Amino acid sequence: MTHQPLLPRPGSGRRAAGVLLAAATLLGAALPASAARAEPATGPDAAAAARTPRYLDPRLPTAERVRDLLGRMTLEEKIGQMTQAERGSVDADPTRIAALNLGSLLSGGGSTPTPNTPAAWADMVDGYQRQALTTRLHIPLLYGVDSVHGHGNLAGATVFPHNIGMGATRDPGLVAEEEHITATETRATGPQWVFAPCVCVTRDERWGRAYESFGENPALVSRMTTAVDGFQGTRRSDLARPDRVLATVKHFAGDGDTTYGTSTTGDYRIDRGVTVTSHRRFDAVDLAPYVTAVQAHHVGSIMPSYSSVQWTDVPGSGPVRMSASKELLTDVLKRKIGFDGFLISDWDAITELPGDFATQVRTSVNAGMDMFMQPYDAPQFEQALSAEVQAGRVPMSRIDDAVSRILRAKFDLGLFEHPYTDRTNIDSVGSSAHRAVARRAVAESQVLLKNDHHALPLAPSQRIYVAGVNADDLGNQAGGWTLTWQGQSGNTAFPGTTILQGIRNAAPNVTYSADAAAPTTGYDVGIVVIGETPYAEGLGDVGVGGHTLELSTTDRANIDRVCSAISTCIVLDVAGRPQIVTGQLPAADAFVMSWLPGSEGDGVADVLFGKRPFTGRLPVTWPRSEAQEPINIGDPQYDPLFPYGFGLTTRGRTTSAQLG
Ligand code: BGC
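What you see is a predicted model; the values in this text were computed from it and never measured. Counting from 1, residues in each chain are numbered in the order their sequence is written. A pLDDT threshold of at least 70 governs which residues receive local features in this predicted model, and a stricter bar of 80 or more applies before side-chain atom pairs are shown or counted, although totals over entire chains, interfaces and linings include all residues. Side-chain numbers here rest on the full set of heavy atoms in the structure, without hydrogens or water.

Asks: Looking at this model, I keep getting lost on unusual backbone geometry. Mind explaining?
Replies: In terms of backbone geometry, most residues other than glycine have negative phi values and most peptide bonds are trans. For the peptide bond that leads from Lys 250 to His 251, omega is -5°, which places it in the cis range. Take His 251: it is sitting in strand S5 (residues 248-252). Backbone torsion omega between Leu 456 and Pro 457 reads 0°, so that peptide bond is classified as cis. Looking at where Pro 457 falls in the secondary structure, it is placed in the loop between strand S12 (447-451) and strand S13 (464-467). A positive phi angle, close to 55°, is found at Arg 170, a residue other than glycine. Looking at the secondary structure, you find Arg 170 in the loop between helix H7 (163-169) and helix H8 (172-187). A positive phi angle is found at His 298, which is not glycine, with a value near 50°. Here His 298 is to be found in the loop between helix H11 (279-295) and strand S7 (301-304). Secondary structure elements are taken from DSSP: a helix is a run of H or I of four residues or more, a strand is a run of E of two residues or more, and numbering for both begins at the N terminus.

Asks: So what exactly am I meant to see when it comes to helix H18 (residues 499-506) here?
Replies: The periodicity of an α-helix, 3.6 residues per turn, causes residues three or four places apart in sequence to face the same way. Each residue gets one of three labels from its accessible area relative to the maximum for its type: buried under 20%, exposed over 50%, partly exposed in between, using a 1.4 Å probe on protein chains only. Looking only at H18, the buried set comprises Ile 499, Leu 500, Gly 502 and Ile 503. Angularly, the buried residues of H18 cover 160° about the axis, an arc narrow enough to put them on a single face. Working note: the arc is built from the helix axis to C-beta atom directions.

Asks: Which parts of the structure should I look at to understand the sheet that holds S5?
Replies: Backbone hydrogen bonds hold the strands of a sheet together, and the pairing may be parallel or antiparallel. DSSP calls a pair of strands paired once it identifies at least 2 bridges connecting them. Taken in spatial order, the three strands make up an open sheet running S5-S7-S10, and their pairing is parallel. The open sheet terminates on both sides in strands that have one partner only, identified here as S5 and strand S10 (342-343). Relative to S7, S5 is paired through four bridges, and the arrangement is parallel. Across the sheet, the residue bridging to Thr 248 is Ser 301, located in S7. Contacts between H11 and the sheet are confined to S5 and S7, with S5 contributing the most and set at about 160° to the helix. Any pair of residues with heavy atoms lying within 4.5 Å of one another is described as a contacting pair. Geometry is summarised by axes, namely lines fitted to C-alpha atoms with helices restricted to the contacting stretch, and by angles between N-to-C directions that run from 0 to 180 degrees.

Asks: I tried to follow helix H15 (residues 396-412) on my own but got confused; where do I start?
Replies: Between the first and last residue of a helix there are one fewer steps than residues, each counted as 1.5 Å, and that sum is the expected span. Spanning 17 residues, H15 covers 24 Å between terminal C-alpha atoms, matching the ideal 24 Å at 1.5 Å per step. Along H15, the residues that are buried comprise Arg 398, Ile 399, Ala 402, Val 403, Arg 405, Ile 406, Leu 407, Ala 409, Lys 410, Phe 411 and Asp 412. Backbone geometry just downstream of H15 places Gly 414 in the positive-phi region, at approximately 75°.

Asks: Would you mind going over the site of the ligand with me for this structure?
Replies: The ligand sits among 14 residues. The nearest are Asp 146, Arg 209, His 251, Asp 346 and Glu 537. What qualifies as a polar contact is a pair of N or O atoms within 3.5 Å, subject to a donor-acceptor requirement within protein and to the restriction that residues adjacent in sequence count only when both atoms come from side chains. In the model, an oxygen atom of the ligand is placed 2.9 Å from a nitrogen or oxygen of the Lys 250 side chain. Take Asp 346: an N or O atom from its side chain is 2.6 Å from an oxygen atom of the ligand. Of the residues contributing to the shell around the ligand, the split by class is seven nonpolar, one polar and six charged. Nearness is judged by heavy atoms alone; a residue qualifies as near a molecule or strand once a single heavy atom is within 4 Å of it. Gly falls in the polar group here, along with every residue not listed as nonpolar (Ala, Val, Leu, Ile, Met, Phe, Trp, Tyr, Cys, Pro) or charged (Asp, Glu, Lys, Arg).

Asks: I'm lost on the sheet that holds strand S4 (residues 193-194) in this one. Help?
Replies: In space, the five strands of this open sheet follow the order S4-S3-S2-S1-S11, with parallel pairing throughout. Lying at the two open borders of the sheet, with one neighbouring strand each, are S4 and strand S11 (372-373). Bridge analysis of strand S3 (residues 142-145) against S4 gives two bridges, and the strand direction is parallel. Bridging from a neighbouring strand, Gly 144 pairs with Trp 193 of S4.

Asks: How should the packing of aromatic side chains be read in this particular structure?
Replies: Aromatic ring pairs are defined here through the distance separating the ring centres and the angle between the ring planes. Stacked, tilted and edge-to-face pairs are distinguished by plane angle, under 30 degrees for stacked and over 60 for edge-to-face with tilted covering the rest, among Phe, Tyr and Trp rings (Trp via its six-membered ring) whose centres lie within 6.5 Å. Considering all chains together, one arrives at 14 aromatic pairs under this definition. With 5.3 Å between their ring centres and 90° between their planes, Phe 282 and Trp 311 make a pair best called edge-to-face. Placement of the pair is Phe 282 in helix H11 and Trp 311 in strand S8 (residues 308-311), with a sequence separation of 29 residues. Pairing Phe 642 with Phe 646 gives two aromatic rings, centres 5.6 Å apart and planes at 5°, and the pair type is stacked. According to the relative accessible area criterion, Phe 642 is buried, its value standing at 9%. Through a chain of ring-to-ring contacts, the aromatic side chains of Phe 591, Trp 622, Phe 642 and Phe 646 assemble into a single cluster.

Asks: Can you walk me through the nonpolar core in this structure?
Replies: The nonpolar side chains of a soluble globular protein tend to be buried, and buried together. We define the nonpolar core as a collection of buried residues of types Ala, Val, Leu, Ile, Met, Phe, Trp, Tyr and Cys that are connected through side-chain atoms lying within 4.5 Å of one another. Judged by nonpolar contacts, the single largest core of 176 residues is most densely connected at Phe 252, Ile 302, Leu 385, Ile 527 and Leu 608. Sort the elements by how many residues they give to this core and H15 lands first, with seven residues. The split of the chain into domains comes from an automatic or database domain assignment. Lining this core are residues from two domains, each supplying at least three of them: domain 1 (53-352 + 364-375 + 397-427) and domain 2 (446-659). When neighbours within four sequence positions are excluded, Leu 385 is seen to be in contact with Ile 79, Met 82, Val 361, Val 365, Val 394 and Ile 399. In terms of nonpolar packing, the next biggest core, distinct from the first, is built from five residues, Val 159, Leu 474, Leu 483 and Phe 494 among them.

Asks: What is the right way to look at the environment of Ile 559 in this model?
Replies: Residue placement: Ile 559 occurs in helix H19 (residues 553-565). Between the C-alpha atoms of Ile 559 and Ile 570, which are eleven residues apart in sequence, the distance is 9.0 Å. Every residue in contact with Ile 559, bar those within four places of it in the chain, is listed here: Val 528, Ile 530, Leu 551, Ser 564, Val 571 and Gln 584.

Asks: Explain the domain arrangement of the protein chain here, please?
Replies: Put simply, an interface is often sized by how much accessible area is lost when its parts join up. You can read the domains of the protein chain as domain 1 (53-352 + 364-375 + 397-427) and domain 2 (446-659). Each partner contributes to the interface: domain 1 provides 45 residues, whereas domain 2 provides 45 residues. Buried area is understood as the total, over both parts, of accessible area removed when two parts are fitted together, assessed with a 1.4 Å probe. With both chains or domains summed, domain 1 and domain 2 bury close to 3400 Å², and 54% of this area falls on carbon and sulfur atoms. Considering only the surface of domain 1 that becomes buried against domain 2, Glu 205, Arg 206 and Glu 216 emerge as the three largest contributors, covering 20% of it.

Here it is, written out as structure tokens:
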């Protein structure tokens, strides 16, 4: 797959966006006469203060403000708070936001303002907010976005390595620093909520989302839940700061642990599939990071997975979708683990549940879902839920619980006092200080898997020949969820430094030939950069759209040509998951896994030239063949090419192995 175009989002277009207004009218959601939002009365005027509803008094405890506001709300207003639409479905007529009492909007992957600049983002979100504040109770909107490796939808944002690379750093403090920067860049441009971090445990690298995971070991993923602190801060009061956002751990739970070939949608091989497991193993492998994220980091929201769980220790149990599992959403997550934030369903996820739309809505609300991501069918959702409540099939107590959880987040974020974007940090977007942290993260994430004959580190005086499709391609080194949902190849979409540019910044004598067609004589070192092109979600599953863990013919040819001609040969793999290099490894003196480093190619050069030591370790097991998948640490038969935790470390010209 080269230059992946933006593909339609899963489920998009199932219901037309154009029906929004008509249905809003049907619902009878009236626009308030006065469009102006009054700031809470804070002055000495006692009469005015007496008129101020208690929920607008920031001196009162949040629980009291929630109670007061809830007591004033109609059913339609409550259901509105439980509804999230895609910005694209209201942008043409933003008055729909108020007409539908929408509680939240999101930007799906690639859903950006034009121009795609920090100021245009902030103006866009503020424009939607202005509409939300025209509602009777002036409840502010929560705006969510997928800042999964930086504020990736925004051109010019700092683009960090994807989580798989961050897992390789084994550095939870760095992860927190990354997400603090991401929170700063995101909040300064409008959104106060991110659908990140993914605390998925990837147990099969054929999964198209493996790179969104910190690794295959639940203990490693749990350690990296410091990401939540990076986003949210460590105290509830931090959420109101201009450099923090509400975080979402996703996708609850077992999304990376499904059985190959058991996708429940039919479109994919493994994404949105079925996790076939016992309760005991589920707790140990899939649930563990959520316990830490909730109990140690107080994460504000959780996104249930598209995938299903089928219990092997419950006779006759069939697969149950996470969005429908009362057992897991309410009994385990909310009651047993003690999650007191709110649950946001995944993109159109409830429409994958069995039954008609009313059944899907009812099942999920009653299972414990609090807010519903209904990108293009918000009005139908509101109507369906309203009818279910009125028919007594969804208890009012469940609605009140969901709305209370959502309102609490809005109060904690300070949105009632400061609904509009605080742009204090807007100039820090993509700043050199932020990019310096990303560069360090790239360096720490590089995993050196082979280093014979002291091939690395390189000396700047060496004559270097660089080849390969991923040497000079920012889009490929950033991967999916960068400017568009699927990501895209090429160097024009966002600023950054490719690996080739990083090498050139470190050494004066560099020749580049993408296809290794240029003569190869007269060089001390050859560097071949192989790898994948961008993909996201199930469209990246092995077996879908031609995806495979095998190297492309071009990559193999480039390795053959460069490594047979130049005495010292280094291969770098730029990919979201291990690729099968068993046959090529003997030809290379050194082999480095670079993952998907993002915008800072200089970080790769830093370790190649010994400016920083190699310290990264494998966050996943490296298979000998594709057929070995799934292969994970702790398997009874474990004979990988490189085990989980392996990585060579360099100190000057000394190389030593590490494992763990
Ligand atoms: C993905 C989520 C993402 C959501 C919103 C879904 O397709 O599974 O991870 O947060 O879209 O973009």
